[in-house]
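So you can see what is in the structure, the chains are spelled out below.
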Amino acid sequence: MLDYASFPDQRQALIKDHLQQTGRVVCVQLAKELNVSEHTIRRDLQELANQGVCKKVYGGAVINAQNDGSLVQRMVLNSDRKQLLAKACIPYFKEHAFIFIDSGSTNLAIASMIPHDLTLTVVTHTPAIAIALQSHQQCDVILLGGKISKQQGAAIGSCSLKQLQTMHFDLAVLGACAIDVEVGVSAFDVEDAQFKHAIVKQSNNVLIAVTEEKLSSVARHKVTALDAISVLITDAKKNDIKLAEFKDTELELVCTSE
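Bear in mind the structure is a predicted one, so any value in this text is a computation, not a measurement.

Student: Run through the packing of aromatic side chains, naming residues and quoting values.
Tutor: Taken as a whole and assessed by the stated rule, the structure comprises three aromatic pairs. Among the aromatic side chains, those forming a connected cluster through ring pairs are Phe-98, Phe-100, Phe-169 and Phe-195.

So, in structure tokens, the structure goes:
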């Protein structure tokens, strides 16, 4: 049996593997498993945090979310999985609802799947989403204006924010770079995080649809606590270890995979 106390590189490699599998590690559990002190584990987590692998949180660490690039780049990633997520979202779109759809490649897939006979008003700050809804004759579209961020493919500046704050939504489909039970929803960009926070404040219900990789992970800027989210839809399998903590929350959890 390997003496992990004497081999810090191997110990940190094992911790990184745990993070990749579960998204979160706990100091007490790691110390017991590796037969080292909690102080040693905390030093390991600090080193991994310095490398950009994880973010230290109380009692342990959460893996850092991976930035997959601009909206254009993300549109071609995991397209089949995003279509399944989009299909699972449609029952939450009610007749005559006033809905905000945030930026994101999964949210673009959701907008494209909205039934053509459903009467809605959709507000978005993402031109690609507005264009996707143009053929929906029963859907009125309001596009918020301002400078378009190439990363988000959306207007997230002060101009669009002021427009957003005059509206109150029945439902918001929120984009999420990362989501964790304790940290909540987070984003890579500070302006994007601020805009998403404003969306949550203006909405009666908030739905998030994410691929499994975003679960139990964290990005640089906090958007909101988990208790502000009404529905979480994911393609993680029902027995996925990452889902365990989410099942103990009050949000509605929907899995598109068995």
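Student: Tell me about the sheet that holds strand 10 (residues 178–180), residues and numbers included.
Tutor: Hydrogen bonds along the backbone pair up the strands of a sheet, which may run parallel or antiparallel. Strand order in the open sheet formed by three strands is 10-11-14, with antiparallel pairing between adjacent strands. Strands with a single pairing partner mark the edges of an open sheet, and in this sheet they are strand 10 and strand 14 (221–224). Pairs of neighbouring strands in the sheet enclose a mean axial angle of 35°, with direction left out of account. Across the sheet, helix 9 (residues 190–201) is in contact with strand 11 (184–187) and strand 14; its angle to strand 14 comes to roughly 10°.

Student: Describe the packing of helix 2 (residues 27–34) against helix 3 (residues 38–50), listing the residues and the values that go with them.
Tutor: Contact pair helix 2 / helix 3: the axes reach a minimum separation of 9 Å and the direction vectors enclose 110°. Taken together, the axis directions place helix 2 and helix 3 in an arrangement best described as roughly perpendicular. Where helix 2 crosses over helix 3, the two elements pack in a sense that is right-handed. Only Glu-38, Ile-41, Arg-42 and Leu-45 of helix 3 make contact with helix 2, whose side of the interface consists of Cys-27, Val-28, Leu-30, Ala-31 and Leu-34. Split into classes, the residues belonging to the contact of helix 2 with helix 3 amount to seven nonpolar, no polar and two charged.

About the criteria used
- Residues numbered from 1 in each chain as written.
- Predicted model: local features only at pLDDT ≥ 70, side-chain atom pairs only at ≥ 80, totals over all residues.
- Heavy atoms only, no water.
- Phe/Tyr/Trp six-rings, centres within 6.5 Å; stacked < 30°, edge-to-face > 60°.
- Pairing = 2+ DSSP bridges.
- Helix = DSSP H or I, 4+ residues; strand = E, 2+ residues; numbered from the N terminus.
- Axes fitted to C-alpha atoms, helices over the stretch in contact; angles between N-to-C directions.
- Contact = heavy atoms within 4.5 Å.
- Parallel < 35°, antiparallel > 145°, perpendicular 65-115°, else oblique.
- Left-handed = near helix turned anticlockwise from the far one by under 90°.
- Nonpolar A, V, L, I, M, F, W, Y, C, P; charged D, E, K, R; others polar.

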